[in-house]
Amino acid sequence: MKWLTAGVLPLLIFLIGLFPAQGWSYPVLSATPAWTPTPPPEPSPTPTAESLNPSPNSRPFPGPKEDPFRSPDRPMTEATDLGEQATAPYRYFLFSIGAQAPVGQFNYAAGVAVALDGSVYVADYHNCRIQHFSATGTFLNAWGSCGSEEGKFSHPGDIAVASDGTVYVADSGNHRIQRFSATGAFLGKWGSPGSGDGQFSYPYGVAVASDGTVYVADSGNSRIQRFSATGAFLGKWGSPGSGDGQFNWPDDVAVAPDGTVYVADSGNSRIQRFSATGAFLGKWGSPGSGDGQFSYPYGVAVAPDGTVYVADTWNHRIQRFSAAGAFLGKWGSPGSGDGQFE
């Protein structure tokens, strides 16, 4: 193995230095020319109403839960999803031949969940894995790699933990939900590409109610689906649009202690509120940067006291609301400093 250390490894390091870490592809030998993704556009500092409230059947812009190395005119498809990982930045190439990303580091942390014991689970999106930490950030465990087999992932977009410790992962690129023990042992899965009951089109959000019911934000199908703890289909609601109970790419879902379901209706720049079975209860939000307004909210969570927290993504802030949507506060600004967000 000395030849690898003395000869090939320095060459790999040199070649890697020729390519920036984001936005460009490492060349991969194949029968067809490698596609070089276009870097995603930066959001406008003053979004227009048209850009923030587009037609119900289209996404307004590529968001952070989409692959940032994919061109906006090349939407993710099942056929190209895993294949294009090979032509993404060099880190995919290195990992594919056996190396692993360092634990405790992330390549877009798409989802986070806290278990009853206080430990934290993170959906490490581009590294195709789940990482598990103590409440103070000490690394505990990790599992998963890129693929479609049991226990592997294609862009895990969200994660939820049930009261019994069962971990649910929205395996977005594989159009399914996977279920694991608290330490990562595979327990089961359900879902396939499509629009039928129990099928998904890029499910980007998952939540578990106190009774074990699992809610999935079936983003590409503009609906919420409801399942038993083991994946039996229970119900659904939603359709593309901007009316009450309709969605424009819902990216996240959360369940309050009383069973109320909150949906981050991202493309419509609002939060919608439903009963446990999908009856419409209310909504709030509109495109903008004022208090109670949103610019593509990607995440929603509910505290034990019923307070609702929203990740107001392109306004680079967190907003806080009462259970019924009354504005309570906000924090954050663009940047990478403490308390800032990108």
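Thresholds, definitions, all that
Residues numbered from 1 in each chain as written. Predicted model: local features only at pLDDT ≥ 70, side-chain atom pairs only at ≥ 80, totals over all residues. Heavy atoms only, no water. Pairing = 2+ DSSP bridges. Helix = DSSP H or I, 4+ residues; strand = E, 2+ residues; numbered from the N terminus. Axes fitted to C-alpha atoms, helices over the stretch in contact; angles between N-to-C directions. Disulfide = S-S within 2.5 Å. Buried < 20%, exposed > 50% of the residue type's maximum accessible area, 1.4 Å probe, protein only. Core = buried A, V, L, I, M, F, W, Y, C linked by side-chain atoms within 4.5 Å. Phe/Tyr/Trp six-rings, centres within 6.5 Å; stacked < 30°, edge-to-face > 60°. pLDDT = per-residue confidence, 0-100. Contact = heavy atoms within 4.5 Å. Salt bridge = Lys/Arg side-chain N within 4 Å of Asp/Glu carboxyl O. Polar contact = N/O pair within 3.5 Å; in protein donor to acceptor, adjacent residues only side chain to side chain.

Engineer: Describe the sheet that holds strand β17 (residues 297-302), listing the residues and the values that go with them.
Structural biologist: Pairing is antiparallel in the open sheet, where four strands are placed in the order β17-β18-β19-β20. In this open sheet, the two strands that pair with only one neighbour each are β17 and β20 (327-331). Each strand of the sheet is rotated relative to its neighbour by a mean of 20°, with strand direction disregarded. Examined bridge by bridge, strand β18 (residues 308-312) and strand β19 (residues 317-321) share five bridges and lie antiparallel to one another.

Engineer: Can you tell me about the state of the cysteines, naming the residues and giving the values?
Structural biologist: Per the counting criterion, the structure on display carries one disulfide. Paired by a disulfide, Cys128 and Cys146 hold their sulfur atoms 2.1 Å apart. Torsion about the S-S bond of the Cys128 and Cys146 cystine: about 80°, corresponding to right-handed handedness. Of the two residues, Cys128 sits in the loop between β2 (120-124) and β3 (129-133) while Cys146 sits in the loop between β4 (139-143) and β5 (156-161), which places them 18 residues apart along the sequence. When its relative accessible area of 0% is taken as the criterion, Cys128 is described as buried. With relative accessibility at 36%, the residue Cys146 sits in the partly exposed group.

Engineer: Give me the nonpolar core: which residues, what numbers.
Structural biologist: Ranked by size, the top nonpolar core spans 13 residues in total, and within it Tyr121, Ile130, Trp143, Phe153, Ile159, Val167 and Val169 carry the most contacts. Those elements giving two or more residues to this core turn out to be β2, β5 and β6 (167-171).

Engineer: Describe the packing of aromatic side chains, and please don't skip the residues or the numbers.
Structural biologist: All chains considered together, the criterion is met by 22 aromatic pairs. Ring plane angle 70° and centroid distance 6.3 Å describe the contact between Tyr215 and Trp237, whose orientation is recorded as edge-to-face. Linking Tyr215 in strand β10 (residues 214-218) with Trp237 in strand β12 (residues 233-237), this pair joins segments that are 22 residues apart in sequence. Of the two residues examined, Tyr215 and Trp237, each falls in the buried class. Both rings, one in Trp237 and one in Phe274, keep their centres 5.4 Å apart while their planes meet at 50°; by these two values the pair is tilted. Here the residue Trp237 occupies a position in strand β12, and Phe274 occupies one in strand β15 (residues 270-274), the gap between them amounting to 37 residues. The pair Trp237 / Phe274 is uniform in exposure class, with both members buried.

Engineer: Before we move on, could you go through the confidence of the model for the protein chain and cite the residues and values that matter?
Structural biologist: Predicted confidence across the protein chain gives a mean pLDDT of 80, with 71% of residues reaching 70 or more. Here residues 1-99 scores under 50 on pLDDT; set against residues more than four positions off or in separate chains, the count is 147 contacts.

Engineer: Any details on the pattern of salt bridges? Residues and values, ideally.
Structural biologist: Tallying each qualifying case throughout the model produces nine salt bridges. The partner of Arg317 in a salt bridge is Asp312, and the shortest N-O contact between them spans 2.7 Å. Like Asp312, Arg317 is buried.

Engineer: Could you give an account of the sheet that holds strand β13 (residues 250-255), naming the residues involved and the relevant values?
Structural biologist: Spatial strand order, β13-β14-β15-β16: four strands in an open sheet with antiparallel pairing. Each edge of the open sheet carries a strand with a single partner, namely β13 and β16 (280-284). Adjacent strand axes in the sheet meet at a mean angle of 20°, parallel and antiparallel pairs treated alike. Direction of pairing for strand β14 (residues 261-265) relative to β15: antiparallel, over a ladder of five bridges. Its bridge partner being in β15, Ala264 is matched across the sheet by Ile271.

Engineer: Outline the environment of Arg317, supporting the account with residue identities and numerical values.
Structural biologist: On the secondary structure map, Arg317 appears in strand β19. Residues Arg317 and Pro297 lie 20 residues apart in sequence; the distance between their C-alpha atoms is 9.7 Å. Setting aside chain neighbours within four positions, we find Arg317 in contact with Gly288, Ser289, Gly290, Gln293, Val310, Ala311, Asp312, Lys330, Trp331, Gly332 and Phe341. Only 2.9 Å separates the side chain of Arg317 from the backbone oxygen of Ser289, close enough to count as a polar contact.

Engineer: Which residues make up the environment of Ile177, and what are the values?
Structural biologist: Within the secondary structure layout, Ile177 lies in strand β7 (residues 176-180). Residue Ile177 is classed as buried on the basis of its relative accessible area of 0%. The spacing of Ile177 and Phe200 is 23 residues in sequence and 9.2 Å in space, taken between C-alpha atoms. For Ile177, the residues in contact, after removing those within four places along its chain, are Tyr168, Val169, Ala170, Gly188, Lys189, Trp190, Phe200, Val206 and Val216.

Engineer: Could you give an account of the pairing of β2, with specific residues and numbers?
Structural biologist: A large share of β2 lies buried, amounting to five of its five residues. Neither face of β2 is open: one carries Val120, Val122 and Asp124, the other Tyr121 and Ala123, and all of them are buried. Looking at chain direction, strand β1 (residues 109-114) and β2 are connected through five bridges and run antiparallel. Note on β2: the bridge partner recorded for Val112 is Val122. Count of turn residues in the β1/β2 antiparallel hairpin: five residues, of which Gly118 carries a positive phi of about 90°. Both β2 and β3 contribute to a ladder of five bridges, which runs antiparallel. Bridge assignment links Ala123 to a residue of β3, and that residue is Ile130.

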